[in-house]
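Residue strings, one per chain:
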Amino acid sequence: MSYSVGQVSAFAGVTVRTLHHYDKAGLLSPSDRSHAGYRLYSEADLVRLQQILFYRELGFPLAEIAAIFKDPQVNPLERLRARQRQLNEEIARLQRLAEVAERAIEVQKTGVPLTPEERFEVFGEVAFDLSYATEAELKCARWFTSCPPDMHRRIADDFVADPRAFALVVPPSQQRPGLAAYTRKAVYANAARRAGDGTDGEENR
């Protein structure tokens, strides 16, 4: 049985534009076309799409997903294990930040001023500069509840221009030369994808 691009878009929960992008990237090309030239997806295509969406949900970039599919020497299990380790590290980092936030709330509720020694005892080993977060909220107040592509790019620019900004994303101890610029490039690529840049504008073919 074959499915049109609109049908696949509906039951897979992705946009037609995304399916076109996967086709252009060589990740998922429909197995057939109708007499009128419309894309038709097979059951095997749907299985591949499910795999792509699974990897995307885990945060794999499209280039790495393509490498997994194309290179028989690539071990998907090892890639998944590596990603699992990264996610576990990120979960632990976020848990530490949640604990810091909880302590900060308690400090604010009590209203008792802290000595420098007490402040670092309360906030532990958090190394990033929270002053940037305050400045960013003031600078981008009307965008603070959402992040459209243009604002996403502006935030990425700060990763390179302001070390405090990048420290909110990657702790200084884990940063490497060129990582901020690489992250900015990745953010720009993702923003372009979200905005639909670079597509052919076709919606149903």
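Analysis parameters
- Residues numbered from 1 in each chain as written.
- Predicted model: local features only at pLDDT ≥ 70, side-chain atom pairs only at ≥ 80, totals over all residues.
- Heavy atoms only, no water.
- Salt bridge = Lys/Arg side-chain N within 4 Å of Asp/Glu carboxyl O.
- Helix = DSSP H or I, 4+ residues; strand = E, 2+ residues; numbered from the N terminus.
- Buried < 20%, exposed > 50% of the residue type's maximum accessible area, 1.4 Å probe, protein only.
- Lys, Arg positive; Asp, Glu negative; His and termini not counted.
- Polar contact = N/O pair within 3.5 Å; in protein donor to acceptor, adjacent residues only side chain to side chain.
- Contact = heavy atoms within 4.5 Å.
- Pairing = 2+ DSSP bridges.
- Axes fitted to C-alpha atoms, helices over the stretch in contact; angles between N-to-C directions.
- Core = buried A, V, L, I, M, F, W, Y, C linked by side-chain atoms within 4.5 Å.

Draft legend 1. Geometry of the pattern of salt bridges. Within the structure shown, the criterion is met by five salt bridges. For Arg-93, the salt bridge identified is with Glu-90, shortest N-O distance 2.8 Å. Separated by three residues within a single helix, Arg-93 and Glu-90 lie in helix H5 (residues 76–110), roughly one turn from each other. Overall, Arg-93 belongs to the buried group, its relative accessible area being 11%. One salt bridge in this structure joins Asp-157 and Arg-184, with 2.8 Å as the shortest N-O distance. Of the two residues, Asp-157 sits in helix H8 (residues 149–161) while Arg-184 sits in helix H10 (residues 179–195), which places them 27 residues apart along the sequence.

Draft legend 2. Geometry of the side chain of Asp-45. Looking at the secondary structure, you find Asp-45 in helix H3 (residues 43–57). No salt bridge is formed by the buried Asp-45; the nearest opposite charge belongs to Arg-48, separated by 6.9 Å. In terms of polar contacts, Asp-45 uses its side chain to reach the backbone amide nitrogen of Ser-42, at 2.8 Å. In this view, Asp-45 contacts Leu-28, Ser-29, Pro-30, Ser-31 and Leu-40; residues no more than four positions away in its chain are not counted.

Draft legend 3. Quick look at the sheet that holds strand E1 (residues 3–4). If you walk across this open sheet you meet the three strands as E1-E3-E2, and the pairing is antiparallel. Of all the strands in the sheet, the pair left with one neighbour each is E1 and strand E2 (32–33). Relative to strand E3 (residues 39–41), E2 is paired through two bridges, and the arrangement is antiparallel. Each bridged residue has a counterpart across the sheet, and for Arg-33 the counterpart in E3 is Arg-39. Sitting on the sheet, H3 is in contact with E1 and E3, with an inclination near 80 degrees to E3.

Draft legend 4. Broad picture of the nonpolar core. Counting 20 residues, the largest nonpolar core has Val-8, Leu-19, Tyr-22, Leu-27, Leu-28, Tyr-41 and Ile-65 as its most contacted members. Counting residues per element, the ones that place at least two in this core are helix H1 (5–12), helix H2 (16–24), H3 and helix H4 (62–70). Leave out the neighbours within four places in its chain, and Tyr-41 touches Met-1, Ser-2, Tyr-3, Ser-4, Val-5, Val-8, Leu-19, Leu-28, Pro-30 and Leu-46. Of all hydrophobic cores here, the second largest spans seven residues; its members include Ala-156, Phe-159, Phe-166 and Ala-180.

As far as function goes, none of this settles anything; it's purely spatial.
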